[in-house]
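Here's the letter readout for the chains.
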Amino acid sequence: MALLEVSSLRAGYEGIPVVFGVDLEVNEGEVVALLGSNGAGKPTMLRAISGMIKPMSGGIAFDGRQIGGIAAEKITRAGLIHVPQGRGIFPSLGVEESLRLAAAMARVPRSELPAGLDEAYAMFPRLKERRTQAAGTLSGGEQQMLTIARGLISRPKLLMIDEMSQGLAPSLVADLFAIVSTFPERGLSVLLVEQFVGQALAVAQRAYVLKKGEVEYEGSAEKLAKDEDFVRASYLGESGEAPAPKEEAEEEVSRPAVAATTSIYESVSVSLPPALVRGLEERAAREGLDPEELVRRVVEGNLEELAGTNGTSAENGKPKPKRRRSTIGGRRRASS
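The following refers to the structure shown. (Residues numbered from 1 in each chain as written. Predicted model: local features only at pLDDT ≥ 70, side-chain atom pairs only at ≥ 80, totals over all residues. Heavy atoms only, no water.)

Moving on, we come to the pattern of salt bridges. Scanning the entire structure with this criterion turns up 10 salt bridges. One salt bridge connects arginine 131 with glutamate 96, and the closest N-O pair in it is separated by 2.7 Å. A residue pair is termed long-range when its members are at least 10 positions apart, and arginine 131 in the loop between helix H5 (125–129) and helix H6 (140–152) and glutamate 96 in helix H3 (residues 95–105) qualify at 35 residues. Arginine 131 gets classed as partly exposed once you look at its relative accessible area, which sits at 32%. Overlapping salt bridges, with partners in common, bring together Glu96, Arg100 and Arg131 in one network. (Salt bridge = Lys/Arg side-chain N within 4 Å of Asp/Glu carboxyl O. Helix = DSSP H or I, 4+ residues; strand = E, 2+ residues; numbered from the N terminus. Buried < 20%, exposed > 50% of the residue type's maximum accessible area, 1.4 Å probe, protein only.)

This is the structure we're talking about:
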C-alpha cells in the first residue's frame, strides 16, 4: 500500500478548478518529483493534500487513512508536513527558537525535543553555528535550511517540499539536493516540486509531469531524465542560477488573457494560468455565463466584500449600511 495515494483529485479556488482528476502515489522511503510549467497546478496539488484548501472531489489517503478535507493541523500531526514556497520564517525569532516553536505546534513531546534538535543540527551544521541568530538575518540558503529543519523537527513520514531552490545560488541548491537524497535512508518519503528538473530527477525514483492541471507523464525519473528535449526545454533548468521567483497561480508571461470589468472600474486585462482558464470556462458553462461575465462577477463580489470589511463603500468611500448575505449562482453575494 502506498504511503500517500491521491485519486481523481480535483481542486482549485472560488469554485474554479485548477487540478483535474489527478492520480498520484508516494511509497514509503521514496522521493517523487512533481514537475510542470508555471500555472500547471503543482502548488494547488500540495495545498489540497496538506489541507490548506479543501478538495472539490477525489480521494486523498495517507498512511491508510482518508485525509481529504480534514483540518491542516490534523494532517500535520498525522506525519505529513508541507514546506511551502516562500520560506515563511519569523524574522525576529532565533534559529533555535524557530525550531522549538515548530516542535510545540506539532506537539512533539518535550522528552523527544533534544534528539530532534540534535538531528536537525547534524543535518544542517550551519544552523547550529547560528542557533541564537535571528532568522531574518540569515542568508537565503540558511533560511531555506531552517524552513526544511522546521518540517523535520516533528519527524514526519512524508515531507512535501515546494521550490526549495527558489532564488538560491547553484552551489547551495546542490547542497540541499544532497541532503534530500539522504531522506529515504532516514525512513522519510518526499514529494518534491522543483524548478531544477535535472537535479530533481537525479534524487527521485519516480516523477509526474503536470500540464494544464492534468498528468502528462507518470513513470521512472531516470527514464524522464534521459529525455534531453524535456530537460532542456523545461523552463526549470540548469543554466546557472534558478529563474526569478514566480507565484504559481498568479504570474506567467504568455498566459491566456481574460478581460474583466465592473460597474465602477474601467476595463482591465489579466493573465491567468491555462489550468485556471479551463476551470473558469467550465464554471461559466455550468452557470450559463460568458467567461468574461463570470470573471466580472467574481471580481465585483470580492471588491464588495473587501469594501464591507473596511466599512466603506467602494464607490464613494462613505460608510456602508449593514448588509445581509445571500447565495446567488453558487457564490455568496452581499445584498442590500
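That shown, we press on.
This part covers the pairing of strand E1 (residues 4–13). Across 5 bridges, E1 lies against strand E4 (residues 57–62) in antiparallel orientation. Note that in E4 the partner of glutamate 5 across the bridge is alanine 61. Note that E1 and strand E2 (residues 16–26) share 7 bridges and pair antiparallel. Bridge pairing in E2 links alanine 11 to valine 19. Taking the residues between adjacent antiparallel strands as the criterion, E1 and E2 are bridged by 2 residues, where glutamate 14 takes a positive phi near 55°. (Pairing = 2+ DSSP bridges.)

In this section: the nonpolar core. Among the nonpolar cores identified, the biggest contains 52 residues, and Leu35, Phe124, Leu159 and Phe183 are the most heavily contacted of them. Once residues lying within four places of it in the same chain are set aside, the contact partners of phenylalanine 183 are Met123, Ile148, Leu152, Leu159, Ile161, Leu188 and Val190. Among the nonpolar cores identified, the runner-up in size contains 28 residues, and Leu4, Val32, Leu34 and Ala40 belong to it. (Core = buried A, V, L, I, M, F, W, Y, C linked by side-chain atoms within 4.5 Å. Contact = heavy atoms within 4.5 Å.)

Before going further, it helps to spend a moment on the sheet that holds E2. One open sheet holds the 4 strands; their spatial order is E2-E1-E4-E5, and the pairing between them is antiparallel. The sheet terminates laterally at E2 and strand E5 (65–66), the two strands that pair on one side only. The sheet strands contacting helix H1 (residues 42–50) are E1, E2 and E4, and the helix crosses E1 at an angle near 110°. (Axes fitted to C-alpha atoms, helices over the stretch in contact; angles between N-to-C directions.)

Moving on, we get to H3. Buried within H3 are the following residues: Val95, Glu96, Ser98, Leu99, Ala102 and Ala103. Angularly, the buried residues of H3 cover 160° about the axis, an arc narrow enough to put them on a single face. Turned more than 90 degrees off the buried face of H3, the exposed positions are Ala104 and Met105. Buried residues along H3 sit in contact with helix H4 (113–123), H5 and H6. In the stretch just after H3, arginine 107 is the one whose phi turns positive, near 60°. (Arc of directions from axis to C-beta.)

A few words on the sheet that holds strand E8 (residues 189–193). An order of E6-E7-E8-E3-E9-E10 is seen for the 6 strands of this open sheet, with the pairing classed as mixed. Each edge of the open sheet carries a strand with a single partner, namely strand E6 (80–83) and strand E10 (214–220). The average angle at which neighbouring strand axes cross in this sheet is 15°, direction not considered. Of the strand pairs in this sheet, strand E3 (residues 31–36) and strand E9 (residues 206–211) are connected by 5 bridges, and their pairing is parallel. Across the sheet, the residue bridging to leucine 34 is tyrosine 208, located in E9.

Looking now at the environment of proline 17. Summarising the element assignment, proline 17 is placed in strand E2. Taking the relative accessible area as the measure of exposure, proline 17 reaches 1% and is therefore buried. As a C-alpha pair, proline 17 and glycine 41 span 24 residues in sequence and 9.6 Å in three-dimensional space.

Before going further, it helps to examine the environment of valine 31. Residue position: valine 31 is located in strand E3. For valine 31 and alanine 207, which are 176 residues apart along the polypeptide, the C-alpha to C-alpha distance reads 8.7 Å. Apart from the residues lying within four places of it in its own chain, the contact partners of valine 31 are Val180, Pro184, Val190, Val203, Ala204, Gln205 and Arg206.

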